[in-house]
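Structural features, examined
Here is how the chains run, residue by residue.
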Amino acid sequence: MQEGLCWINGHARTAVDGGWIDNVDPSDGVSFGRLARGKAADIDAAVSAAHDAFKNRWQRVSAVERGRVMTRLATLVTQDAAQLASLEARDTGKPISQARADVVALARYFEFYAGACDKLHGQTLPYAEGYTVLTLREPHGVTGHIIPWNYPMQIFGRSVGAALAAGNCCVVKPAEDACLSLLRVAALASEAGLPDGVLNLVPGLGIEAGAALAAHPDIQHLSFTGSTATGKLVAQACALRASPVTLELGGKSPQLVFEDADLDAALPVLVNAVIQNAGQTCSAGSRVLVQDTIADRLIEALAHRFCALRAGPSSADLDLGPLVSRKQQQVVWDFLSAAQREGLEVAAQGSVVDDAPEQGFYQAPVLFADVPQSSRLTQSEIFGPVLVVQRFTDEADALRLANDTPYGLVAGLWTRDGARQLRLAKQLHSGQVFINNYGAGGGVELPFGGVKGSGYGREKGFEALYGFTQLKTIAIRHG
Ligand code: NAD
């Protein structure tokens, strides 16, 4: 039986009150282990260890040495790739090749932020005669990180990688549905030379360990990745103690396909953007908006591809694995039932392979064509392999549909017209716009985050480092 323990001050330990959470394999619905059910007392211990490490150890480590530790961690992650990928695939249900790609991304985040440690600096500012003014970029101290289950390693890498590089010590609350890979990474970090207490992980339920972390008076910055509903609660808890927070929330990202688009290039990308990780991706391209002159052709081509898609156990490494949990499967089923009640017709559907275990949490990918803008299917994040297609007449119509949802995370534009590319990219309400591509292979270097209900603040790239520091201005009057 696999056990996942709390990782506090460089050591694995059970939760203070001895509680556990069942760990279920989404591919067969069977429990394969248990996780420590950390609560407020465990969060207290982790925060206290992190403060001690910040004051007595990490703050004294030079930027270049921080970078060396993180480089060693990137190497250890790469050497341990097979084990990490297998843990992630079992925990989340994702096809094993997707889990392998997540390990590569995790190593890449540590590599990127390792290189950034000694390049993060303040400025000198021109001011009045007789003064020298300079700015320092200082770490917050102890940062909190609440991580979802869909990409544990990638989201840990981008958030904790940047926080450590900026000189913070971290307390992480991974998701209760998937966190085994992260507990292993914590042990690797110690092996890489990260001092005890610099990185602490407390698995547990959101309403227990998560809420305790968000409300903790000694957490000086919080990075939350998860649903918009929970993000609002977390932001509220941070506001009550006037603490900064970054919210990386959900999305309903559109891809706009114009009649001059290269459809051969677009098609596989449009499909992959919604089935990757069984649609459980914040930046999933879950809406395709297509110009009416080519709509029938595109819908037919999408339908052809959807019919060929197959879902199965993570070890089978098919187009998609199961959803992460029975709860998430029910969420997707509720959307599909609502669509049926609305009278929406399924344009195409993939399949679940015959030998997939019956108790696994599978959902075949579904394509809906001509969905009204007001439909729940268009307006809400489903977090499953469901693609909605809508038609538009011209640029103005496309923009209206694209921007008319509560979200604004990512948008894709498919057109060969350069003027249109820039015109629309500037008017789309979203944190990232991809032109004639989507997702750019993950883009460790590219700042990422949302507008509107998709959140605020930016992670990834160099930009994330600014969020994990605070700027101090020093004005010296020397005459
Ligand atoms: P969730 O909000 O239910 O949970 C996310 C994390 O918050 C988990 O660790 C959970 O335990 C914790 N949590 C739950 N309730 C809490 C509370 N009251 N206080 C503090 N913490 C609490 O989200 P989820 O279902 O795990 O993840 C899916 C959502 O995450 C989707 O909406 C998806 O779009 C979003 N997401 C966003 C990004 C991004 O970068 N923008 C990336 C991945 C996922």
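Following the criterion strictly, the structure yields seven aromatic pairs and no others. A ring pair is formed by Trp149 and Phe383, whose centres lie 5.5 Å apart and whose planes are at 70 degrees; its orientation type is edge-to-face. Here Trp149, found in the loop between β8 (142–146) and α5 (152–165), pairs with Phe383, found in the loop between α12 (376–379) and β19 (386–392); they are 234 residues apart in sequence, far enough to count as distant. For Phe383, a relative accessible area of 15% gives the class buried. In this arrangement the basic side chain of Arg34 is found over the ring face of Trp20, its NZ or CZ atom lying 3.7 Å from the centre. Its guanidinium or amino end placed over the ring of Phe335, Arg376 lies 4.2 Å from that ring's centre, counting from NZ or CZ.

Right, let's talk about the sheet that holds strand β4 (residues 20–25) for a bit. The strand order across the open sheet formed by three strands is β1-β5-β4, and the pairing between neighbours is mixed. The sheet is open, and its two edges are formed by β1 (2–4) and β4, each paired on a single side. Strand-to-strand twist across the sheet, computed as the mean angle between neighbouring axes with direction ignored, equals 30 degrees. Summarising the sheet, β4 and strand β5 (residues 30–36) pair through six bridges and their orientation is antiparallel. The residue bridging Asn23 from the neighbouring strand is Gly33, located in β5. Helix α3 (residues 81–92) rests against β1, β4 and β5 of the sheet, and its axis sits at about 95 degrees to β4.

Take the nonpolar core next. In terms of nonpolar packing, the biggest core is built from 89 residues, with Tyr113, Phe156, Leu199, Leu201 and Leu222 touching the most fellow members. In terms of residues, this core owes the most to one element, helix α4 (residues 96–116), which gives eleven residues. Among all residues touching Phe156, those that are not within four sequence positions of it are Leu106, Phe110, Ile147, Gly161, Val172, Leu182, Val185, Leu199 and Leu201. Counting residues in hydrophobic clusters, the runner-up holds 25 residues, among them Leu267, Ile294, Ala303 and Leu367.

Conventions used here
Sequence order sets the numbering: in each chain, residues are counted from 1 along the sequence as written. Per-residue local features are limited, in this predicted model, to residues with pLDDT of at least 70; the limit for side-chain atom pairs, both in listing and counting, is 80 or more; totals at the level of whole chains, interfaces and linings are taken over all residues. Computation of side-chain values covers all heavy atoms of the structure but excludes hydrogens and water. Only Phe, Tyr and Trp rings are paired, with Trp represented by its six-membered ring, and only when their centres lie within 6.5 Å; those with planes under 30 degrees apart are stacked, over 60 edge-to-face, the remainder tilted. Numbered from the N terminus, helices here are DSSP runs of H or I no shorter than four residues, and strands are runs of E no shorter than two. In this scheme, a residue with accessible area under 20% of its type's maximum is buried, one over 50% is exposed, and one in between is partly exposed, where area comes from a 1.4 Å probe on protein chains only. Sitting over a ring, as applied to charges here, requires NZ of Lys or CZ of Arg to be within 6 Å of the ring centre and within 35 degrees of the ring normal. For two strands to be treated as a pair, DSSP must find no fewer than two bridges joining them. Simply put, an axis is a line fit to the C-alpha atoms, just over the touching stretch for a helix, and the angle between two N-to-C directions goes from 0 to 180 degrees. It only takes one pair of heavy atoms within 4.5 Å for two residues to be counted as in contact. Residues enter a nonpolar core if they are buried and are Ala, Val, Leu, Ile, Met, Phe, Trp, Tyr or Cys, with the set joined through side-chain atoms within 4.5 Å.

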